[in-house]
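Single-letter residue listing:
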Amino acid sequence: AFDQNKDGYLSKEEWQAAMAAVLPGLHSADADAVFGRFDANGDGFLSLAEFNSFFQDYSDRTFQWQQGEWPTYTPPPTEATWEKETLDLVRECLSIGRSGLTITEVFRRLDVDHDNKMTSYEFDRMVTTYRPELQQEHLLSLFQKVNTSNSGAISTTEFVARFG
């Protein structure tokens, strides 16, 4: 519907029109920033694959509201300087610009047993790829910073919140 010239791509102008229709309060600079984020190959057009990536990423980041429960804000855990630097390094390495994958695609690939949770083993493998010198107690501390639910496994939502 938004592909006015029916070429199979959304130009920046078609994207602006789509965003104005779907999110009327969105500033054009913000729409441009989102366009730039998902125009993975930088050609100035969104292909169907890039457009689908946008909606998949958006739906993975959207809060899942439970009926009868009001959402509450939970601030992220305080990170020591070394923890922030390490987790930020991992986030940069996993970014779409470096990996070519959305953060949810990265999560799915790192989830080796495909149970939609990241165990401490899977998390440690990821972190030690970039910081092999870290000791087990450091890895445990980082895992606990990302596993904000304290469930013992990192959910997609927790992963996206810290690395997305």
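First, a word on what this report is: a plain description of the structure on this page. (Residues numbered from 1 in each chain as written. Predicted model: local features only at pLDDT ≥ 70, side-chain atom pairs only at ≥ 80, totals over all residues. Heavy atoms only, no water.)

Topic: the overall build of the protein chain
Secondary structure assignment for the protein chain yields 9 helices and 4 strands. Secondary structure elements of the protein chain occur, N-terminal to C-terminal, as β-α-α-β-α-α-α-α-β-α-α-β-α. Long-range contacts, defined here as pairs at least 24 residues apart, represent 53% of the contacts in the protein chain between residues at least 6 apart. Put simply, the protein chain shows about 10,300 Å² of open surface, and 55% of that area lies on carbon and sulfur atoms. (Helix = DSSP H or I, 4+ residues; strand = E, 2+ residues; numbered from the N terminus. Contact = heavy atoms within 4.5 Å. Areas by Shrake-Rupley, 256 points an atom, 1.4 Å probe, with all protein chains shown as cover.)

Some thoughts on helix H8 (residues 136–146)
Turning to H8, its buried residues are Leu-139, Ser-141, Leu-142, Phe-143 and Val-146. Here the buried face of H8 lies against helix H4 (81–94), strand E3 (117–118), helix H7 (120–130), strand E4 (154–155) and helix H9 (156–163). (Buried < 20%, exposed > 50% of the residue type's maximum accessible area, 1.4 Å probe, protein only.)

Looking at a nonpolar patch on the surface
A surface patch of nonpolar side chains, about 300 Å² in accessible area, is lined by Phe-2, Val-22, Leu-23 and Leu-26. Tracing the backbone through its elements, the reader meets Leu-23 in the loop between helix H1 (12–22) and helix H2 (28–38). (Patch = residues over 30% accessible without salt bridge, like charges linked within 9 Å, V, L, I, M, F, W, Y side chains within 5 Å. Salt bridge = Lys/Arg side-chain N within 4 Å of Asp/Glu carboxyl O.)

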